[in-house]
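Spelled out from the first residue to the last, the chains are:
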Amino acid sequence: MVAVIRRFAIILVVTASCAIVASERKEDANSDYYNFGNEEIVLLAHTKMLRAIDKANLKSAICDEKRMETTVSARVLPSLPLSKRDWGVAFTYLAAKAMTRCDEDAVNKAFMAFARFKNIEKALMGDKILNTGFYSMELLCCLAERGKLETELQYMKIDAKIRETLEAIPELNEPFNPILTIEAMGN
């Protein structure tokens, strides 16, 4: 009961604060304090987008560095009835999946910031769009998606029990270099 009363009191305080701010805003309507031009809003969205992309690039670089430097030891890999080609498919798929897992949050935030920016830009600026350079919705969303899907289809042809065994190996769930790993197996 006390928690309900506390929550209700907090809601009242927040509501009252919002009402005070709204009334002050009406009184101060002639001031530029609360008036923002479309350009300012678009530039803020643009800045947020660039920051999110920078964070995603940094996170992807960290994940990629780990991937390039990491070879999964043959000692942790079970003996499985797979051809060298199937090992390659499995390692390629699992390495890509681990990379996605590693940088996915930052990349998703960058994509959403880009989408929000483009939406605000279109709504407020019409045809006067800012140059986003190299970045586009397609790049942030779907770079190499076809190749990933093709690899996944190849991976799905491997027996389900073998896939389950491979997916249970912790080292294959972190970024790793599939080429160096297959070479280390000596197949």
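A brief look at the structure comes next. (Residues numbered from 1 in each chain as written. Predicted model: local features only at pLDDT ≥ 70, side-chain atom pairs only at ≥ 80, totals over all residues. Heavy atoms only, no water.)

1. Here's the deal with the packing of helix H2 (residues 38-69) against helix H3 (residues 84-125)
Here is step 1 of the chain: Their axes nearest at 8 Å, the elements H2 and H3 cross at an angle of 165 degrees. With respect to H3, the element H2 is oriented roughly antiparallel. Crossing of H2 over H3 shows left-handed handedness.
Here is step 2 of the chain: Classifying every residue of the contact of H2 with H3 gives 19 nonpolar, three polar and nine charged. (Axes fitted to C-alpha atoms, helices over the stretch in contact; angles between N-to-C directions. Helix = DSSP H or I, 4+ residues; strand = E, 2+ residues; numbered from the N terminus. Parallel < 35°, antiparallel > 145°, perpendicular 65-115°, else oblique. Left-handed = near helix turned anticlockwise from the far one by under 90°. Nonpolar A, V, L, I, M, F, W, Y, C, P; charged D, E, K, R; others polar.)

2. Brief notes about a positive patch on the surface
Here is step 1 of the chain: A contiguous patch of positive charge on the surface is contributed by Lys48, Arg51, Lys55 and Arg116.
Here is step 2 of the chain: Inspection of the secondary structure puts Arg116 in helix H3. (Patch = residues over 30% accessible without salt bridge, like charges linked within 9 Å, V, L, I, M, F, W, Y side chains within 5 Å. Areas by Shrake-Rupley, 256 points an atom, 1.4 Å probe, with all protein chains shown as cover. Salt bridge = Lys/Arg side-chain N within 4 Å of Asp/Glu carboxyl O. Lys, Arg positive; Asp, Glu negative; His and termini not counted. Charge placed at Lys NZ, Arg CZ, Asp CG, Glu CD.)

3. Considerations on helix H7 (residues 178-185)
Here is step 1 of the chain: Buried within H7 are the following residues: Pro178, Thr181, Ile182 and Met185. Projected onto a plane normal to the axis of H7, the buried residues spread over an arc of 95 degrees and lie on a single side. Projecting away from the buried face of H7 at angles above 90 degrees are the exposed residues Ile179 and Glu183.
Here is step 2 of the chain: Put simply, Asn177 is the residue that caps the front of H7, since its side-chain oxygen is 3.0 Å from the backbone nitrogen of Ile179.
Here is step 3 of the chain: Immediately downstream of H7, the backbone of Gly186 shows phi near 75 degrees, a positive value. (Buried < 20%, exposed > 50% of the residue type's maximum accessible area, 1.4 Å probe, protein only. Arc of directions from axis to C-beta. Polar contact = N/O pair within 3.5 Å; in protein donor to acceptor, adjacent residues only side chain to side chain.)

4. Observations regarding helix H6 (residues 160-167)
Here is step 1 of the chain: Among the residues of H6, Ile162, Arg163 and Leu166 are the ones counted as buried. Down the axis of H6, the buried side of the element spans an arc of 100 degrees, and every buried residue falls inside it. Opposite the buried face of H6, by more than 90 degrees, sit the exposed residues Lys161 and Glu164.
Here is step 2 of the chain: Sitting at the amino-terminal end of H6 is Asp159, which places a side-chain oxygen 3.0 Å from the backbone nitrogen of Lys161.

5. Side note on the packing of aromatic side chains
Here is step 1 of the chain: Taken as a whole and judged by the stated rule, the model has three aromatic pairs.
Here is step 2 of the chain: Pairing Trp87 with Phe91 gives two aromatic rings, centres 5.3 Å apart and planes at 40 degrees, and the pair type is tilted. Remark: Phe91 and Trp87 occur in helix H3; sequence separation between them is four residues, near one turn of the helix.
Here is step 3 of the chain: Among the residues examined, Trp87 registers a relative accessible area of 3% and is labelled buried. (Phe/Tyr/Trp six-rings, centres within 6.5 Å; stacked < 30°, edge-to-face > 60°.)

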